[in-house]
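Per-entry structural report
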Amino acid sequence: MAVCEVCFRHCDIKEGGTGACNARACVDGQIVCTNYGRITALALDPIEKKPLSRFFPGSKVLSVGSYGCNLFCPFCQNYDISRTDGSELEPENVITPEELSDIAFQFRDRGNIGLAFTYNEPLVSYEFVRDTAKLVKDKGMKNVLVTNGTAELTVLEEILPYIDAMNIDIKSMSEKTYSEILKGDLETTKTFIERAVKDCHVELTMLIVTDMNDSEDEMRELTEWISGLEGGSKIPLHISRFFPRYNMTDRPATNVDIIYRLADIAREKLEFVYTGNC
Ligand code: SF4
């Protein structure tokens, strides 16, 4: 038995068992990352799709995902890879950091600026992010991380030297929403963001879910908090529209007028506010 210290959950994992994220296990009394190099998706995406709007706009980034996530959002847009345990993948289908960084380099002539760790929660296998990002940086390219921001600061400190830009989800300003609906932890997320903005280009995303986080008061609370961070009003915020998916099909897609109204409210405090999925 061993305790995993990667995220706020601190899973106590029995010998041979797996943590809540499905990506870390206890083997011989040690916590190991079981999805290291096991990728589920690889695509050359516009950087705006991450979304990042103020980091090399117009460029492309090779985007890679594995499986596993430490949150349980019922509206997950990528549940087919975030919630699997990788058993459907061929065991021998593993890519090394060297191979992946070489592929990223080969895509330079197609407008690629580097590598984005995305699709599932990349930090449940932060060792793969760290090892690969080092090599990408050595090749003079950029690293992007798309994360839910619920890893512990020790993990963030290990990867920060190699990450050039992040998009971090902040899914609500309500601890109750985080703990009851997402099975997450708001305070860990806020602490992660507070640290990341000091040493990295950070853009934030809030998915506005009907009747969950779509009030004007919650948007005011969010933008008040962001404006007090290092970088403050210059931190870009992406406000995204929800569509019913996965285990949240009991409500309609977010009304577009609400998204635009919340964006107007956000602009009272922030300079760079973008709407998505509208
Ligand atoms: S990273 Fe996975 S195994 Fe580790 S504490 Fe978080 S959910 Fe549990």
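Everything below is about the structure shown above.
Let us look at the structure shown here. (Residues numbered from 1 in each chain as written. Predicted model: local features only at pLDDT ≥ 70, side-chain atom pairs only at ≥ 80, totals over all residues. Heavy atoms only, no water.)

1. Examining helix H8 (residues 256-266)
- Residues of H8 that are buried: Ile 259, Leu 262, Ala 263, Ile 265 and Ala 266. In an axial view of H8, the angular spread of the buried residues amounts to 160 degrees, which keeps them on one side of the axis.
- In this fold, the buried residues of H8 make contact with strand E10 (201-208), helix H7 (216-227), strand E11 (237-241) and strand E12 (273-276).
- Two to three positions downstream of the cap, the backbone nitrogen of Asp 257 sits 2.8 Å from a side-chain oxygen, assigning the N-cap of H8 to Asn 255. (Buried < 20%, exposed > 50% of the residue type's maximum accessible area, 1.4 Å probe, protein only. Helix = DSSP H or I, 4+ residues; strand = E, 2+ residues; numbered from the N terminus. Arc of directions from axis to C-beta. Contact = heavy atoms within 4.5 Å. Polar contact = N/O pair within 3.5 Å; in protein donor to acceptor, adjacent residues only side chain to side chain.)

2. A look at the sheet that holds strand E5 (residues 41-46)
- If you walk across this open sheet you meet the 8 strands as E5-E6-E7-E8-E9-E10-E11-E12, and the pairing is mixed. Edge positions in the open sheet fall to E5 and E12, since each of these has one partner strand only. Each strand axis lies, on average, 20 degrees off the axis of its neighbour in the sheet, ignoring direction.
- Where E10 lies against E11, 5 bridges are found, and the strand directions are parallel. The residue bridging Thr 205 from the neighbouring strand is His 238, located in E11. (Pairing = 2+ DSSP bridges. Axes fitted to C-alpha atoms, helices over the stretch in contact; angles between N-to-C directions.)

3. Some thoughts on H7
- For H7, spanning 12 residues, the distance from its first C-alpha to its last is 16 Å, which sits close to the expected 16 Å at 1.5 Å a residue.
- Residues Glu 218, Met 219, Leu 222, Thr 223, Trp 225 and Ile 226 constitute the buried set of H7. All buried residues of H7 lie within an arc of 160 degrees about the axis, which places them on one face of the element.
- In this fold, the buried residues of H7 make contact with helix H6 (186-199), E10, E11 and H8. (Expected span 1.5 Å × (residues − 1).)

4. A few points about the pairing of strand E8 (residues 142-147)
- Within E8, 5 of the 6 residues are buried, which leaves it mostly tucked inside the rest of the structure.
- Inspection of the sheet shows strand E7 (residues 112-117) paired to E8 by 4 bridges, in the parallel sense. Looking across to E8, one finds that Gly 114 is bridged to Lys 142.
- Between the parallel pair E7 and E8, the chain is carried across by helix H3 (residues 126-138), and the sense of this crossover is right-handed.
- Read as a crossover between parallel neighbours, the route from E8 over helix H4 (residues 153-159) to strand E9 (residues 165-169) is right-handed. (Right-handed = clockwise from strand over helix to strand, strands pointing away.)

5. Topic: the pattern of salt bridges
- What the rule picks out here adds up to 18 salt bridges.
- One salt bridge connects Lys 50 with Asp 45, and the closest N-O pair in it is separated by 2.8 Å.
- The exposure class of Asp 45 is buried, given its relative accessible area of 6%.
- Residues Arg 130 and Glu 158 are paired through a salt bridge, measuring 2.7 Å at the closest nitrogen-oxygen approach. On the criterion of sequence distance, the pair formed by Arg 130 in helix H3 and Glu 158 in helix H4 is long-range, its members being 28 residues apart.
- Look at the salt bridges and you will find they share partners, linking Asp 45, Lys 49 and Lys 50 into a network. (Salt bridge = Lys/Arg side-chain N within 4 Å of Asp/Glu carboxyl O.)

6. Some remarks on empty space enclosed by the protein
- Counted according to the given criterion, the structure contains 3 cavities of 30 Å³ or more.
- In this model, the largest cavity occupies a volume close to 110 Å³.
- If you go around the largest cavity, you meet 14 residues; those closest to its centre are Gly 65, Ser 66, Phe 117, Ser 125 and Phe 128.
- For the lining of the largest cavity, the secondary structure elements donating two or more residues are strand E6 (60-65) and H3.
- Split into classes, the residues belonging to the lining of the largest cavity amount to 6 nonpolar, 7 polar and 1 charged.
- Considering only enclosed or pocket space, the second largest cavity measures out at about 90 Å³ in volume.
- Residue lining of the second largest cavity: 13 residues in total, with Cys 4, Cys 7, Cys 11, Cys 21 and Arg 24 positioned closest to the centre.
- Classifying every residue of the lining of the second largest cavity gives 8 nonpolar, 3 polar and 2 charged. (1 Å grid on protein atoms, 1.4 Å probe; cavity = no way out; pocket = protein on both sides within 12 Å on 5 of 7 lines; lining within 4 Å. Points joined across faces, edges and corners; volume = space filled by probe spheres on them. Nonpolar A, V, L, I, M, F, W, Y, C, P; charged D, E, K, R; others polar.)

7. Topic: the packing of helix H2 (residues 97-106) against H3
- Following both chains from N to C, one finds H2 and H3 inclined at 45 degrees, their axes separated by 9 Å at the closest point. Considering the angle they form, H2 stands oblique to H3. With respect to the hand of their crossing, H2 and H3 are arranged in right-handed fashion. In this structure, H2 contributes Pro 97, Glu 98, Leu 100 and Ser 101 to the contact, and H3 contributes Phe 128, Asp 131, Thr 132, Leu 135 and Val 136.
- Along the lines of polarity and charge, the residues of the contact of H2 with H3 split into 5 nonpolar, 2 polar and 2 charged. (Parallel < 35°, antiparallel > 145°, perpendicular 65-115°, else oblique. Left-handed = near helix turned anticlockwise from the far one by under 90°.)

8. Examining the layout of surface pockets
- Counted as a void, the largest pocket has a volume near 990 Å³.
- Along the wall of the largest pocket there are 35 residues; nearest its centre are Lys 50, Gln 77, Asn 78, Val 146 and Asp 169.
- Counting only elements with at least two residues in the lining of the largest pocket, the list comes to E8, E9, E10, E11 and E12.
- Among the residues making up the lining of the largest pocket, the classes are represented as 13 nonpolar, 14 polar and 8 charged.

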